Amino acid sequence: MFYIGISAYYHESSVFLTDGININCFLKEEYFTRIKGDKSFPKRSLEFLIKKYSLNEKNIKSVCFYEKPFKSWWEIFIYSIKKPLENKKLLIHHLKNFNTGSIFFYTHLNKIIKISKDKILYSSHHLSHCLYGSLYVKNVDDYAFISCDGVGEGETMTIYTIDSENLIKKHWTNFYPNSIGLFYSTITDFLGYDINDGEFKVMSLSSYGNPIYEKEMEQIFDCEELKINSSYFEFHKNPERSFSEKLINIFGKPYLNLAIKENFKKYSNIASSAQLILNKSVKNLILKAKQLTGRNKIVLTGGVALNCKMVHDLSKENIFDELIVPPSPGDSGSAIGAANFSYFHENDKFLNKIGLFPGPDKDQINKKFKLNEFFEKISQQENSLEIAADLIVKGNILATYIDKTETGPRALGNTSIICNAKDKLAVENLNNRIKKREFYQPLAPILLEENFVKYFSIKDNIKNNLYSMGTLCEAKEELKNDYFSIIHTDNTCRTQVIENENSFIFKLLKKLEKNNIHILVNTSFNISKDPIVFDLIDVYTNMRRMNIDYVIMNDGIFKAKKI
Amino acid sequence: MFLIPKNKLNKFEPLRCCFVLNEFSAAEFASALEMLFAAKNVDDLKLSKGFIRHSLDEYKHFSIFTNIKNQISLEHELNNRETRFIPIHLFAKGYIYKDKFIFEKKNIKDFAIFIGANEEIAEKKLNDFLENIRSFKPDHAKKIDKILLDEERHAKYSLAFAKKNNSKFDYFIKFSKENLLSKLRHLYANSLTKVSKIFNPVLYLLILIMSLPVKFLDLEKSEADNDVMENINPRSIL
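A quick note: this is a predicted structure, and the numbers were derived from the prediction, not measured.

S.K.: Describe in detail the overall build of chain B, supporting the description with residues and values.
M.R.: The helix and strand tally for chain B stands at 8 helices and 0 strands. Ordered by position in the sequence, the α and β elements of chain B form the string α-α-α-α-α-α-α-α. Taken over the C-alpha trace, chain B has a radius of gyration of 23 Å; the compact-globule value for 238 residues is 18 Å, which it surpasses by more than 25%. Partitioning the intrachain contacts of chain B with sequence separation of at least 6 by distance along the chain shows that 74% fall at a separation of at least 24.

Shown next as structure tokens:
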């Protein structure tokens, strides 16, 4: 029997299917529509699963939506309608969108697959985050689970515990609009980036500045009380702009062009100050969780947990014994949390731990594809390692499309673009020409776990996040000599370590040691504004668009043909 | 939808120009996605390859429009938020249907007519735009000229395929229908603002009425819960 979790309508939609034994399949709708951040009902992901697992009413135990649809809509409405004059624009927008949202989840689902109503379950927003996070720790009763994001069902921060008998307690919650997530998104908007997409750019930018606006920011968000000063914001009244004139009076013009030096300096200082407020707030949230639960180990979920600079900065405060951020802490990972909820509802126990790659195997995705019509094989599977190592040494940039797919926004080696991190030209080429990233966004390194201490340092309390790029770490002098092009301006790197000896990247790194190459650059296999590649036609078109010559697949290395 | 200036401009308006370029970028990107979807779902390998080539062209056009827009933005120090391309907005702007790609709605013969007819419409709009910017930005106009050639080729191929696979009468009817539908889509998109002007006050009146009883609602929120799984109703949406 299958359990299905679905997350949709607000952030990138996703579906997770499991039988609770050995079948796990996680999919995002954007894989199929190729629209990054697609939040529409995950119709195509479901159709893929229906076909692949012959799903029907009989073999589906339950389908669980990750939050309470009406509650989510209602909480914002009830908050705004108290001041109908002030919040006019948002209220009209909210009413107009009533019929496009999650309230019609069951209707949308029924168009794809007929399932009786008694098989439909609804979890709760932050509970789904918590239940997702619980799948990444061994002993759940050692941890306090903190969920922190923009808003979900009118809540913005929640602290849970799970005990050894699976009793879940909610210890504290903070309510809309007091949201550190919405605060950070507003700054993202002010600086000219897209909300829900540009936050990581603000994080990178913050390293270039100094927190000279700390005092001003503290007036805007109270880090001690975790409360927002709503006079600086408009997200609660205007769907078109998230900040008010009062914020402009402090920081000056919004949306300035960052290509101009003075603007860059100013905006990096604003970003740096916002990052400091985020760090302080989450620090206080963790202290609160410790005080309420008596637990010193933390699992942090929700979109805010994607801020790996914050994770790194907090590790130095010595306020926890361990901090875990699962690979997809945002709403899309909550589909897995929803499936966990559904599994618990039927079996009175939670799902087993899931790995870093619960997506489908690449071979299953492309069963019908005529590979040789689009790709020329340049090496057999048995020679792949040798040829790949040789190509890397010669300064080539390779794509990987192997094994199973990742869950989170970060490619962990199976669907990546890689090159020699020592090769300055290749790294520059990859960042500027192929990925078209901003100069202030550094590329991430990947290396064997055993080599980590030679080049990097990190506090023990966050080192488990290195497997999923969930944190930054510091560069040692040894790194600066040969690998300076992957070091961020603040001497940090978003490093990933590999421990799985069976993975291709592990073997490749091992092979490259002979050439004195210990670190590769690893970035997701997609072009700017696109989701990560999913099937072989995406691989082909992306290689052509980015001018990447080689791709490593399960059964060899290939070149894209001209068709 | 396309807000292309209809009359000849006497002076160059960079913001408006960037706005139009952004619309063209969005249209090209959406077209690339439609072609990619068709390539993945058509059974004929030759056609699949054709759709991929078309898709790659559209992605290339998207990049050209975006680069021109970025250059003009930088040159004129524009506030570029409104001219930013955000893929998810393709739905709201009507470039991609929320529920289905065109290829899912039409058979291959009708799909070809749809492409051909719409490529021709895009070509006309692009020509109008070129007329407006050629004297102000000749270098950029040259790049757009190349896009026009591609669009002509796409329209030619698609319509040739459609003619081959439809009777003359069917072709004429379907082609006219696509042109009419396209005009209606533009009309609908352009009248949304006007429709809002009528409906928004009605909605607001409704909101004001609803706000009265809400004042008397005293909804308590609980900060904590000692047994979350016991107290949650898994069947409730509230």
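Next comes the rest of the description.
S.K.: Can you explain the environment of Ile212(A)? Please cite residues and give values.
M.R.: Residues and elements named next belong to chain A. One can find Ile 212 in the loop between helix 8 (199-206) and helix 9 (214-220). For Ile 212, a count of 13 C-beta atoms within 10 Å puts it in the partly exposed group. Expressed as a C-alpha distance, the spacing of Ile 212 and Val 299, which sit 87 residues apart in the sequence, is 31 Å. The residues touching Ile 212, leaving out its near neighbours within four places in the chain, are Asn 269 and Ser 273.

S.K.: How would you summarise the interface of chain A and chain B if you had to cite specific residues and measurements?
M.R.: Listed per partner, the contact involves 48 residues of chain A and 48 residues of chain B. Put simply, the parts of the chain that give the side of chain A that touches chain B at least two residues each are helix 3 (69-81), helix 4 (88-96), strand 5 (120-122), strand 8 (168-175), helix 13 (334-347) and helix 21 (536-546) of chain A. Top element by residues in the side of chain A that touches chain B is strand 8 of chain A. It accounts for 7 residues. Considering only residue class, the side of chain A that touches chain B consists of 22 nonpolar, 9 polar and 17 charged.

S.K.: Can you lay out the nonpolar core for me, pointing to particular residues and giving the numbers?
M.R.: One finds Ile146(A), Ile298(A), Leu398(A) and Val551(A) to be the most contacted residues of the largest nonpolar core, which totals 224 residues. It is helix 1 (residues 14-41) of chain B that contributes the most residues to this core, 16 residues altogether. Residues within four places of Leu398(A) in sequence aside, it is in contact with Ala388(A), Leu391(A), Ile392(A), Ile418(A), Tyr550(A), Val551(A) and Ile552(A).

S.K.: Before we move on, can you summarise the sheet that holds strand 3 (residues 24-28) of chain A with the specific residues and values?
M.R.: All names here are of chain A. Spatial strand order, 3-2-1-4-5: 5 strands in an open sheet with mixed pairing. The sheet is open, and its two edges are formed by strand 3 and strand 5, each paired on a single side. Between one strand axis and the next, the sheet turns through 20° on average, direction left out of account. Where strand 1 (residues 2-7) meets strand 4 (residues 60-65), 5 bridges bridge the pair, whose relative direction is parallel. Residue pairing for strand 4: Phe 2 is matched across the bridge by Ile 60. Contacting strand 1, strand 2 (14-18), strand 3, strand 4 and strand 5, helix 13 crosses the sheet at an angle of about 140° to strand 1.

S.K.: Before we move on, can you summarise the sheet that holds strand 23 (residues 556-560) of chain A with the specific residues and values?
M.R.: All names here are of chain A. Ordered in space as 13-23-22-14-15-21-16-20, the 8 strands form an open sheet in which the pairing is mixed. With partners counted over all chains shown, the strands left at the sheet margins are strand 13 (375-379) and strand 20 (496-498), one partner each. Between one strand and the next, the sheet's axes are offset by a mean angle of 35°, whatever the strand orientation. Sitting on the sheet, helix 21 is in contact with strand 14 (398-401), strand 22 (550-553) and strand 23, with an inclination near 60° to strand 23.

S.K.: Explain the domain arrangement of chain A residue by residue, including any values.
M.R.: It is common to give the size of an interface as the accessible area lost on bringing the parts into contact. All names here are of chain A. One can read the domain layout of chain A as domain 1 (2-128 + 330-347), domain 2 (180-324) and domain 3 (362-560). When each unit is reduced to the centre of its C-alpha atoms, the spacing between domain 2 and domain 3 is 30 Å. The interface of domain 2 with domain 3 comprises 16 residues on the first partner and 17 residues on the second. Elements with a contribution of two residues or more to the side of domain 2 that touches domain 3: helix 8, helix 12 (308-315) and strand 12 (322-324).

S.K.: Explain helix 2 (residues 45-75) of chain B to me, using residue names and the numbers behind them.
M.R.: Between its terminal C-alpha atoms helix 2 of chain B stretches 45 Å, which fits the 45 Å expected from 31 residues at 1.5 Å a residue. Of the residues flanking the end of helix 2 of chain B, it is Glu77(B), one or two places downstream, whose phi is positive at about 45°.

S.K.: Explain the packing of helix 3 of chain A against helix 4 of chain A residue by residue, including any values.
M.R.: All names here are of chain A. Axis separation between helix 3 and helix 4 bottoms out at 10 Å; the angle between their running directions is 150°. Considering their axes alone, helix 3 and helix 4 lie roughly antiparallel with respect to each other. Where helix 3 crosses over helix 4, the handedness of that crossing is left-handed. Taking contact as the criterion, the partners of Ile 76, Phe 77, Ser 80 and Ile 81 in helix 3 are, on helix 4, Leu 90, Leu 91 and His 94.

S.K.: How would you explain helix 1 of chain B if you had to name every residue and give the values?
M.R.: With 28 residues, helix 1 of chain B extends 41 Å from end C-alpha to end C-alpha; this agrees with the ideal 40 Å at 1.5 Å per step. Judged by how many residues are buried, helix 1 of chain B sits mostly within the fold: 23 of 28 residues are covered.

S.K.: So, the environment of Arg16(B): which residues are in play, and what are the values?
M.R.: Topologically, Arg16(B) is positioned in helix 1. The spatial distance from the C-alpha of Arg16(B) to the C-alpha of Thr83(B) is 9.1 Å, given a sequence separation of 67 residues.

Conventions we followed
- Residues numbered from 1 in each chain as written.
- Chains lettered and ligands numbered in written order.
- Predicted model: local features only at pLDDT ≥ 70, side-chain atom pairs only at ≥ 80, totals over all residues.
- Helix = DSSP H or I, 4+ residues; strand = E, 2+ residues; numbered from the N terminus.
- Rg over C-alpha atoms; globule rule 2.2 N^0.38 Å.
- Contact = placed C-beta atoms within 7 Å.
- Buried ≥ 20, exposed ≤ 12 C-beta atoms within 10 Å, placed from the backbone.
- Nonpolar A, V, L, I, M, F, W, Y, C, P; charged D, E, K, R; others polar.
- Core = buried A, V, L, I, M, F, W, Y, C linked by C-beta atoms within 7 Å.
- Pairing = 2+ DSSP bridges.
- Axes fitted to C-alpha atoms, helices over the stretch in contact; angles between N-to-C directions.
- Domains from an automatic or database assignment.
- Expected span 1.5 Å × (residues − 1).
- Parallel < 35°, antiparallel > 145°, perpendicular 65-115°, else oblique.
- Left-handed = near helix turned anticlockwise from the far one by under 90°.

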